[in-house]
Amino acid sequence: MSDSRSGARILVDQLLLQGVDRLFCVPGESYLAVLDALVDTPGIRLIVNRHESASTFMAGAYARLTGQPGIAFVTRGPGACNAAIGVHHAQQDSLPLVLLVGQAPTAVLEREAFQEVECRRLFGSMAKWVAQIDRADRIPEFVARAFQCATSGRQGPVVLALPEDVLEQHALVRDARCHQSVQAAPSDTQIAALRRMLGRAQRPIVLVGGAGWSAAASENLRGFAEANRLPVACAFRFQDVFDNRHPNYVGDAGLGINPKLAERIRSADLVLALGARLGEATTDGYSLLHAPVPQQALVHAHAGLEELGRVYQADLMINSGMPQLAARLAMMTPIDEPVWADAVVQARVEYSMWQQRPEVLRRHPPQLDLWQLMQQLRAALPNDAIICNGAGNFSIWLHRFFPYLTPSTQLAPTSGCMGYGVPAAIAAKISAPEKTVICVTGDGDFLMTAQEMATACQYNAAVLFLVFNNAMYGTVRLHQELRFPGRVSGTSLSNPDFAQLARAYGASGFRVNLTEEFGPALAEALASMRSRRLPALIELTCDPQLLSPSAHLDELRARAAAVGRKDPPSV
Ligand SMILES: Cc1ncc(C[n+]2csc(CCOP(=O)(O)OP(=O)(O)O)c2C)c(N)n1
Ligand SMILES: [Mg+2]
């Protein structure tokens, strides 16, 4: 047993032995004792943010990228509320996140004391576990359980509230042991059942996604798909699980899915859903697979026991981590001469067609062609460049036309939260400084967390921000035009000069209005990032008429007029 230690020292010692080497935080007086203990703890690096949403987003991005739990530390009420969006994101994206909240002292709790918030109620519906530690001598026990819970089965966020006085109390207590991420594995019987179902199928399709895919698991999945000549689609925003250049890759089942792929999934007679939660975005509103009883035969494999049978009543449910499952699938005796072999070739052709320049660009050529921009971006970046984004229609260009080539290159929230891309990119660059990191963002999305440009500059996170500026919350505007044509409300934006804003933070700033300006600006931005070790931003002047790769305002107007609706005023 070691000597008596303060609660703060005990906490920091537990973090160290749980393998923590960085914390994303915004400080507060409620955890001064921990900040003080960190002065003597060079093994833990503090990354200081400008808003707590960035702390939890960064911790989540770090977890997605490294597979290790991400840690955020924030102060009570105001800090905890600001941090909540990242906890919700970590829940929906199944990411191991440990959020530590400095809490009001125990002597005043439940009086609605200054900045008091009850964490168990605040985070109760989004975290896997929320607890408050009321005694310094129980800190090791609670911290160990938090890490165990966050990293096992379906991974997710946990929250620990730490009253100020508990951090200052002294206690004599033994350290905990390091957590072990526990994952289930498929049984022989389950693999045999899966093989039997595959042997009987005529039109099978694999749908992969969810967190927890290691590079080795992706490699095993590739072997399984090749040996059985299976078409593989990726779930919404898990496009980096399977190399998009591979002949068996047939596209992603996300928002704005290729209609041919949607039809292929709908008419499949067997869906092998491996790791995907089969959420609303992946299933096109629970229509590709009818909920709760799908028309297709369904094998659903997931790391979370509680996820199986929650929405879909699968024919075969397999509780397994993805590395464990993929290793077994790679060893499975392949199906001989499968009847669906030609269908894979056809599905791949359909994917290639979907990659072509969309027709709407031919009908309305814009000054800045976002399709060409995606081609240029892919050609200019290394295969392992990490691409981050938040929410908005700009991301459709990326997800549809930018192929992801290697695992852990996509950081994109399945929770659809705006503001994620900027902090995610900064966390990625800090975690993998040797990688090229790009944040693709919209004018609305960017300004939700743009203040983290200061964090990027402070820590020399040389990230490239590509801001798609169409002077509007375009996604919402598109839905508005479809549901309430011509009645623009709450979706127009008046923006700052983004390039100048970047320069004010210390980054390099560029603006691109024409397609031919993009290549030189990209080269200059990447060069400046290398030489200055600071971020760069390219503002892209986008055509506000072009609301998505398939929706032009003039065409929407004409369609609305044809059904006798009022014309929208010009944008
Ligand atoms: C935190 C958060 N608030 C609101 C929304 C609703 N929302 C989804 S996309 C969007 C607009 C995004 O605008 P922008 O980043 O400019 O992208 P665009 O659609 O114009 O390409 C909004 C408001 C959201 N997803 N997340
Ligand atoms: Mg916009």
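Chemist: Before we go on, may I ask you to explain the coordination of the magnesium ion (ligand 2) in this structure?
Modeler: Around a metal, the idealised angle for a tetrahedral arrangement of four donor atoms is 109.5 degrees; for an octahedral arrangement of six donor atoms it is 90 or 180 degrees. Distances from the magnesium ion (ligand 2) to its protein donors, D443 (OD), N470 (OD1) and M472 (O), fall at 2.0 to 2.2 Å. All donors of the magnesium ion (ligand 2) come from a single chain, and their spacing in sequence reads D-x26-N-x1-M. With a relative accessible area of 4%, M472 lands in the buried category.

Chemist: I'm lost on the site of ligand 1 in this one. Help?
Modeler: In the vicinity of ligand 1, 18 residues are found, and the nearest of them are G416, D443, D445, G474 and T475. G416 places a main-chain nitrogen or oxygen 2.8 Å from a nitrogen atom of ligand 1. At 3.2 Å, a backbone N or O of M418 approaches a nitrogen atom of ligand 1. Protein contact buries 77% of the 580 Å² of open area that ligand 1 shows by itself. Among the secondary structure elements, those contributing two or more residues to the shell around ligand 1 are α17 (443-449) and α19 (474-483). Per-element accounting of the shell around ligand 1 gives the leading share, four residues, to α17. Taken together, the residues that form the shell around ligand 1 break down as eight nonpolar, eight polar and two charged.

Chemist: How should the state of the cysteines be read in this particular structure?
Modeler: By definition, a disulfide links the sulfur atoms of two cysteines through a covalent bond. Evaluated as defined, the whole model comprises zero disulfides. The cysteine C81 is free of any disulfide, with C119 supplying the nearest cysteine sulfur at 8.7 Å. Classification of C81 by relative accessible area gives partly exposed; the value is 43%. In this structure C417 is not part of a disulfide, and its nearest cysteine sulfur, from C439, lies 12 Å away.

Chemist: I would appreciate a short explanation of the layout of surface pockets in the present structure.
Modeler: Rolled over the atoms, a probe sized like a water molecule indicates the empty space that remains. Of the voids in this model, the second largest pocket is the one considered here, and its volume is about 620 Å³. Lining of the second largest pocket is provided by 37 residues; of these, G67, A211, G212, W213 and S214 occupy positions nearest its centre. Looking at the lining of the second largest pocket, the elements that each hand over two or more residues are α3 (52-66) and α11 (322-331). In terms of residues, the lining of the second largest pocket owes the most to one element, α3, which gives four residues. For the lining of the second largest pocket, the residue count by class is 13 nonpolar, 21 polar and three charged.

Chemist: Whenever I open this one, the sheet that holds strand β17 (residues 437-442) confuses me. Can you help?
Modeler: Backbone hydrogen bonds are what pair the strands of a sheet, in a parallel or an antiparallel way. Spatial strand order, β16-β15-β17-β18-β20-β19: six strands in an open sheet with parallel pairing. Only two strands of the sheet have a single partner each, and these edge strands are β16 (410-411) and β19 (508-512). Alignment of β19 against strand β20 (residues 536-541), held across five bridges, turns out to be parallel. By the bridge assignment, F510 is partnered in β20 with I538. Packing of helix α16 (residues 421-431) onto the sheet brings it into contact with β15 (386-389), β16, β17 and β18 (464-469), and relative to β17 it is tilted by some 175°.

Chemist: Teacher, can you tell me more about the nonpolar core here?
Modeler: Looking at soluble globular proteins, one finds that nonpolar side chains tend to be buried together. One finds L194, L198, V208, W213, F224, L272 and L274 to be the most contacted residues of the largest nonpolar core, which totals 57 residues. Look past the residues within four positions of L194 in its chain and what remains in contact with it is F224, L272, V299, L316, I318, L329 and M332. In terms of nonpolar packing, the next biggest core, distinct from the first, is built from 55 residues, V422, A424, A427 and F446 among them.

Chemist: Please explain the environment of P157 as it appears in this structure.
Modeler: Take P157: it is sitting in strand β7 (residues 157-163). Overall, the relative accessible area of 1% leaves P157 in the buried class. For the pair P157 and R5, spaced 152 residues apart in sequence, the C-alpha separation works out to 28 Å.

Chemist: I would appreciate a short explanation of the pairing of β15 in the present structure.
Modeler: Consecutive side chains of a regular strand alternate in pointing toward one face of the sheet and then the other. What you see with β15 is no split at all: I386 and C388 on one side and I387 and N389 on the other are buried throughout. Strand direction decides the pairing type here: β15 and β17, joined by four bridges, are parallel. Paired with N389 across the two strands is V440, which belongs to β17. Of the strand pairs in this sheet, β15 and β16 are connected by two bridges, and their pairing is parallel.

Chemist: Sorry, what's going on with α11 here?
Modeler: Since one α-helical turn is 3.6 residues long, residues separated by three or four positions face the same way. Listed in full, the buried residues belonging to α11 are M322, L325, A326 and L329. Burial along α11 is one-sided: seen end-on, the buried residues are contained in an arc of 95°.

Chemist: I tried to follow empty space enclosed by the protein on my own but got confused; where do I start?
Modeler: Scanning all chains against the criterion turns up two cavities of 30 Å³ or more. In this structure, the largest cavity encloses a volume near 60 Å³. Surrounding the largest cavity, D252, G254, L255, G256, I257, W354, I396, H399 and R400 form its lining. By residue class, the composition of the lining of the largest cavity is four nonpolar, three polar and two charged. There is about 50 Å³ of room inside the second largest cavity. Forming the boundary of the second largest cavity are Q239, N244, Y249, G251, D252, Y351, W354, Q355, H399, R400, F402 and P403.

Chemist: How do you make sense of the packing of helix α8 (residues 188-200) against α11 when you look at a structure like this?
Modeler: Working note: a packed helix pair is described by the angle between its axes plus the distance between those axes. Where α8 meets α11, the axes come as close as 11 Å, and the angle between the chain directions of the two elements is 55°. By the angle class used here, α8 and α11 are oblique. Two packed elements cross with a definite hand, and for α8 against α11 that hand is right-handed. Listed contacts from α11 to D188, I191 and L194 of α8 are L325, R328 and L329. Of the residues belonging to the contact of α8 with α11, the class tally is four nonpolar, no polar and two charged.

About the cut-offs
- Residues numbered from 1 in each chain as written.
- Chains lettered and ligands numbered in written order.
- Predicted model: local features only at pLDDT ≥ 70, side-chain atom pairs only at ≥ 80, totals over all residues.
- Heavy atoms only, no water.
- Donors = N, O, S within 2.8 Å, 3.2 Å for Na, K, Ca; no water.
- Buried < 20%, exposed > 50% of the residue type's maximum accessible area, 1.4 Å probe, protein only.
- Near = heavy atom within 4 Å.
- Polar contact = N/O pair within 3.5 Å; in protein donor to acceptor, adjacent residues only side chain to side chain.
- Areas by Shrake-Rupley, 256 points an atom, 1.4 Å probe, with all protein chains shown as cover.
- Helix = DSSP H or I, 4+ residues; strand = E, 2+ residues; numbered from the N terminus.
- Nonpolar A, V, L, I, M, F, W, Y, C, P; charged D, E, K, R; others polar.
- Disulfide = S-S within 2.5 Å.
- 1 Å grid on protein atoms, 1.4 Å probe; cavity = no way out; pocket = protein on both sides within 12 Å on 5 of 7 lines; lining within 4 Å.
- Points joined across faces, edges and corners; volume = space filled by probe spheres on them.
- Pairing = 2+ DSSP bridges.
- Contact = heavy atoms within 4.5 Å.
- Axes fitted to C-alpha atoms, helices over the stretch in contact; angles between N-to-C directions.
- Core = buried A, V, L, I, M, F, W, Y, C linked by side-chain atoms within 4.5 Å.
- Arc of directions from axis to C-beta.
- Parallel < 35°, antiparallel > 145°, perpendicular 65-115°, else oblique.
- Left-handed = near helix turned anticlockwise from the far one by under 90°.

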